[in-house]
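What follows is the residue order along each chain.
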Amino acid sequence: KTVSEVSGSGRKVRPQKGGGTARAGHSRPAHWRGGAKAHGPKGKIQDYTTKLNKKVRKMGVRHALSQKLKEGSLIITSDMAAPTHKTKDMYAMLDRLGIAGKKGDMALMIDDADPNDAENEASVYGGLDVNFKVATGNLKKVKMLNQKGCHVYSMLKFKKLVLSLAAVRSLEERLERDL
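A brief structural summary. From a predicted model like this one, the values you see are computed outputs, not experimental measurements.

**Notes on the side chain of Gln147**
Then, in step 1: By the element assignment, Gln147 lies in the loop between strand E5 (142-146) and helix H4 (152-157).
Then, in step 2: Leaving out residues up to four positions away in the same chain, Gln147 has contacts with Ile110, Asp111, Asp112, Ala167, Ser170, Leu171 and Arg174.

**Quick word on the sheet that holds E5**
Then, in step 1: In spatial order, the strands read E1-E6-E2-E5; together these 4 strands make up an open sheet with parallel pairing. Each edge of the sheet is formed by a strand with only one pairing partner; in this case those strands are strand E1 (74-77) and E5. Taking each pair of neighbouring strands and ignoring which way they run, the sheet shows an average axis angle of 20 degrees.
Then, in step 2: Both E1 and strand E6 (residues 160-164) contribute to a ladder of 4 bridges, which runs parallel. When the sheet's bridge partners are listed, Thr77 is paired in E6 with Ser164.
Then, in step 3: Sheet contacts for helix H1 (residues 54-71): E1 and E6; angle to E6, the most-contacted strand, approximately 110 degrees.
Then, in step 4: Contacts from helix H5 (residues 165-176) reach E1, strand E2 (107-111) and E6 within the one sheet, and its direction differs from that of E6 by about 90 degrees.

**Notes on the nonpolar core**
Then, in step 1: One finds Met90, Leu94, Ile99, Met109, Phe132 and Val142 to be the most contacted residues of the largest nonpolar core, which totals 16 residues.
Then, in step 2: Those elements that provide at least two residues to this core are helix H2 (87-96), E2, helix H3 (130-136) and E5.
Then, in step 3: Apart from residues lying up to four places away in sequence, Leu94 is in contact with Ile99, Ala100, Met109, Thr136, Leu139 and Val142.
Then, in step 4: Membership of the second largest hydrophobic core comes to 15 residues, among which are Val61, Leu108, Cys150 and Met155.

**Brief notes about H5**
Then, in step 1: Across its 12 residues, H5 extends 16 Å between first and last C-alpha, which sits within 8% of the 16 Å expected from 1.5 Å per residue.
Then, in step 2: Buried within H5 we find Ala167, Val168, Ser170, Leu171, Arg174 and Leu175. Looking straight down H5, one finds that the buried residues subtend no more than 165 degrees of arc, so they occupy a single side. Away from its buried face, by an angle of more than 90 degrees, H5 presents the exposed residues Arg169, Glu173 and Glu176.
Then, in step 3: As for H5, its buried residues are in contact with H1, E1, E2 and E6.

The rules behind these values
Residues numbered from 1 in each chain as written. Predicted model: local features only at pLDDT ≥ 70, side-chain atom pairs only at ≥ 80, totals over all residues. Heavy atoms only, no water. Helix = DSSP H or I, 4+ residues; strand = E, 2+ residues; numbered from the N terminus. Contact = heavy atoms within 4.5 Å. Pairing = 2+ DSSP bridges. Axes fitted to C-alpha atoms, helices over the stretch in contact; angles between N-to-C directions. Core = buried A, V, L, I, M, F, W, Y, C linked by side-chain atoms within 4.5 Å. Buried < 20%, exposed > 50% of the residue type's maximum accessible area, 1.4 Å probe, protein only. Expected span 1.5 Å × (residues − 1). Arc of directions from axis to C-beta.

What follows is the structure in structure tokens.
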């Protein structure tokens, strides 16, 4: 807390002259016990994030996608619909792809499911298949995202990137604007 944030009055602590001690205005300066913290954290005001322009962020996503393609760690599937919500079945399926098992790689799975295209509209929520989301929820090495939440950091953090065709179409549409 700064001097203005520390509780205490602004009353003069002692007389200015005649006491033999140094002059003091109030009891909240940083060098006093119970006083302020000199150059302390400012809380919500203190923000070290840097702003990047939208075009630069889009360019970063394009470069991350092309880098994953060059590395051979980009997997594209027709859709990410799971028949069941069981983690065991999902684990077995992902283990065949070299994802999530004991020796498998960490993977980011991106989907953009449309509730109108699904057989059951309740099976899609937030652009993700509910069964698929629930089944991958307990797998430590797998993270499921909608294409809107896809950004460079999450792409580069995970070894493999799995995209559905709907997500590829949405990403193309989103990234082709403002070229």
